[in-house]
Amino acid sequence: MILYSTKNRNEKATFTEAVIQGLPKSGGLFMPESFPIMSDNFFKNAHTKSFTELSYILASKLLEGEIEPNALAQIVKKAFDFEIPLKQIDSNTHVLELFHGPTLAFKDIGARFMSGILSYIGNKKEQKRVVLAATSGDTGSAVANGFLNAPGVIVVLLYPSGKVSKIQEQQLTTLGSNIIALEVQGTFDHCQKIVKEAFANNNLSQKLNLTSANSINIARLLPQSFYYHYAYSRLIKNGSNKDVVFSVPSGNLGNLTGGLIAKKMGLPVNKFIAAVNLNRVVPHYLETGQFIPTPSIQTVSNAMDVGNPSNFERVMEIVDNNHSKAAEVLFSRSYSNEETIETIKKVKQNNNYLLDPHGAVGYLAIQDYMKIDQKKSSFILLETAHPAKFGNIIDQASLELPEMPERLKRCLNKEKKSILISPDKSDFKDFLYSISE
Ligand SMILES: *Cc1c(COP(=O)(O)O)cnc(C)c1O
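As a starting point, this report considers the structure included with it. Treat the numbers as computed from the prediction; the structure is a model and nothing was measured.

### Topic: the nonpolar core
The biggest cluster of nonpolar side chains holds 93 residues, and the ones touching the most others in it are Phe15, Leu63, Phe113 and Phe246. For this core, the element with the most residues is helix 5 (residues 107–125), which contributes eight residues. Not counting chain neighbours up to four residues away, the residues in contact with Phe113 comprise Ala59, Leu63, Leu72, Ile75, Val76, Ala79, Phe80, Ala219, Pro223 and Phe226. Leu354, Val361, Leu364 and Phe390 belong to the second largest nonpolar core, which has 31 residues in total.

So, in structure tokens, the structure goes:
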């Protein structure tokens, strides 16, 4: 796989280089020059394969010649050792539960795959490295879990103080070992900016072997295309021959980009819904053709509180930087906190299914898309987090709290350990140099 920078087509990288570097030197993001198209046979037989088997076939095709086949099989098997059920909740809507990993959010999928890839590369090179991730809630814990006790790796997480839920904070700050949590006195956008600046600093970046584990890293992005193939194949197996539309609760658009990659590889999906909360940069772009980053707004679906979605550039590359092509493949709507909470309540009452606040936003967007849908499509809602992580919001919907999974209970009883820093970049630089010694 050869990748280029979205800011400079002449800056190229191999997959390994792109994984390690995270971001291209010219700015922008790494993007594969082309995607393999899967064969008719692959699509015909997909429903007979397990998620791990499908993932291995797709990963082998994408990473041909990059990773030794046996090692890749091991990486896939180890990363995806949990189930991803597809559950029908009404006559034309299924929910793909992506939250059965260790941190109860979909980011486990990308983070665990990336951790496997990076360990494989690291073993070959025998280098120490620092993995950096800014998190609005779930990224950090997924990354940290993926890399916990990985030899030669220190993980530094930055999260906005007071802007993640209590449970998310516990998940970020209680792992210990090679995981350091920095509590930034600012917003998620500050965290993301600090990380970007650290990478832009060549000196620092080389000294520490900095690697990004945000959704911008290509090794996290690629596996997020696998479950689209999987869900689609399961739906077809269930006898549906309708058009399939995926609804994706969106923030940085990494999950959505995964869907667009699956389509590039031949998955016959014509429409993706980018469901957003009050952070409405994407629907605004689709309506007006203007992409206007804004400061992020805090909402009840806080993992989507993003004012400047980092994968927007990749989405635009896939649609040839053409607004009308973007509008053809994407539908996007924004929803308030009240609508989100009301929906959690309604879906529980009517469908006996408990959505989390992110999934609820995705569900709302499906209802709006149905109103204009001529094709009477089947819908797959990507449920990105376990509702038990959002007890306070479930409570606001006046619903009974769900049973808390054991792994979540355990981390709630541990002691929080974090380092408070200001959003000033020099603070962070000093910190990084201090751990390099
Ligand atoms: C990160 C996250 C999202 C948003 O995903 P993006 O890839 O950033 O668009 C949605 N829901 C949950 C629970 C998340 O953790």
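### Quick word on the packing of helix 16 (residues 337–351) against helix 17 (residues 357–372)
The interhelical angle for the contact between helix 16 and helix 17, taken along N-to-C directions, is 85°, at an axis separation of 9 Å. With respect to helix 17, the element helix 16 is oriented roughly perpendicular. Contact residues: helix 16 offers Glu339, Thr340, Thr343, Ile344, Val347 and Asn351, while helix 17 offers Pro357, Ala360, Val361, Tyr363 and Leu364. In terms of residue class, the contact of helix 16 with helix 17 is built from seven nonpolar, three polar and one charged.

### Observations concerning the sheet that holds strand 2 (residues 8–14)
Taken in spatial order, the three strands of this open sheet run 2-1-3, and their pairing is antiparallel. Unpaired on one side and paired on the other, strand 2 and strand 3 (30–32) mark the two borders of the sheet. Averaged over neighbouring strand pairs, the angle between their axes works out to 40° when direction is ignored. As paired strands, strand 1 (residues 2–5) and strand 3 are joined by three bridges and run antiparallel to one another. Looking at strand 3, one finds that Ser5 is bridged to Phe30.

### Digging into the site of the ligand
In the vicinity of the ligand, 15 residues are found, and the nearest of them are Lys107, Asp138, Gly251, Asn252 and Thr384. Between the ligand and Gly251 there is a distance of 2.7 Å, counted from an oxygen atom to a backbone nitrogen or oxygen. In this structure, an oxygen atom belonging to the ligand sits 3.0 Å away from a main-chain N or O atom of Gly254. Burial of the ligand by the protein chains amounts to 98% of its free accessible area of 380 Å². Residue composition of the shell around the ligand, grouped by class: six nonpolar, seven polar and two charged.

### So, the pairing of strand 13 (residues 378–383)
With six of its six residues buried, strand 13 lies for the most part within the structure. Side chains Ser378, Ile380 and Leu382 of strand 13 all project onto a buried face; the interleaved residues Phe379, Leu381 and Glu383 project onto the opposite face, where all are buried too. As paired strands, strand 5 (residues 93–97) and strand 13 are joined by five bridges and run parallel to one another. Within strand 13, the position partnered with Leu96 by the bridge is Leu382. Both strand 10 (residues 244–249) and strand 13 contribute to a ladder of four bridges, which runs parallel. Bridging across to strand 13, Ser247 finds its partner in Leu381.

### Section: the environment of Val164
By secondary structure assignment, the location of Val164 is in the loop between strand 7 (153–160) and helix 7 (166–173). Note on Val164: relative accessible area 11%, which makes it buried. Separated by 138 residues in the primary sequence, Val164 and Asn302 place their C-alpha atoms 7.0 Å from one another.

### So, the environment of Val155
With respect to the helices and strands, Val155 occurs in strand 7. Judged by its relative accessible area of 0%, Val155 falls in the buried class. Along the backbone, Val155 and Ile109 are 46 residues apart, and their C-alpha atoms lie at a distance of 18 Å.

### Things to note about the pattern of salt bridges
According to the stated counting rule, one finds 14 salt bridges in the structure shown. Asp243 is the salt-bridge partner of Lys375, the closest N and O atoms lying 3.6 Å from each other. You can see Lys375 sitting in the loop between helix 17 and strand 13 and its partner Asp243 sitting in the loop between helix 11 (226–237) and strand 10, a full 132 residues away along the chain. Between Lys409 and Glu406 there is a salt bridge, and its shortest N-O distance comes to 3.5 Å. Residue Lys409 and its partner Glu406 are located together in helix 19 (residues 406–412), separated by three residues, close to a single helical turn. By relative accessible area, which is 33% here, Lys409 ends up partly exposed. With a relative accessible area of 49%, Glu406 lands in the partly exposed category. Among the ionic contacts, a cluster of salt bridges with common partners joins Glu169, Glu183 and Lys416.

Calculation notes
Residues numbered from 1 in each chain as written. Predicted model: local features only at pLDDT ≥ 70, side-chain atom pairs only at ≥ 80, totals over all residues. Heavy atoms only, no water. Core = buried A, V, L, I, M, F, W, Y, C linked by side-chain atoms within 4.5 Å. Buried < 20%, exposed > 50% of the residue type's maximum accessible area, 1.4 Å probe, protein only. Helix = DSSP H or I, 4+ residues; strand = E, 2+ residues; numbered from the N terminus. Contact = heavy atoms within 4.5 Å. Axes fitted to C-alpha atoms, helices over the stretch in contact; angles between N-to-C directions. Parallel < 35°, antiparallel > 145°, perpendicular 65-115°, else oblique. Nonpolar A, V, L, I, M, F, W, Y, C, P; charged D, E, K, R; others polar. Pairing = 2+ DSSP bridges. Near = heavy atom within 4 Å. Polar contact = N/O pair within 3.5 Å; in protein donor to acceptor, adjacent residues only side chain to side chain. Areas by Shrake-Rupley, 256 points an atom, 1.4 Å probe, with all protein chains shown as cover. Salt bridge = Lys/Arg side-chain N within 4 Å of Asp/Glu carboxyl O.

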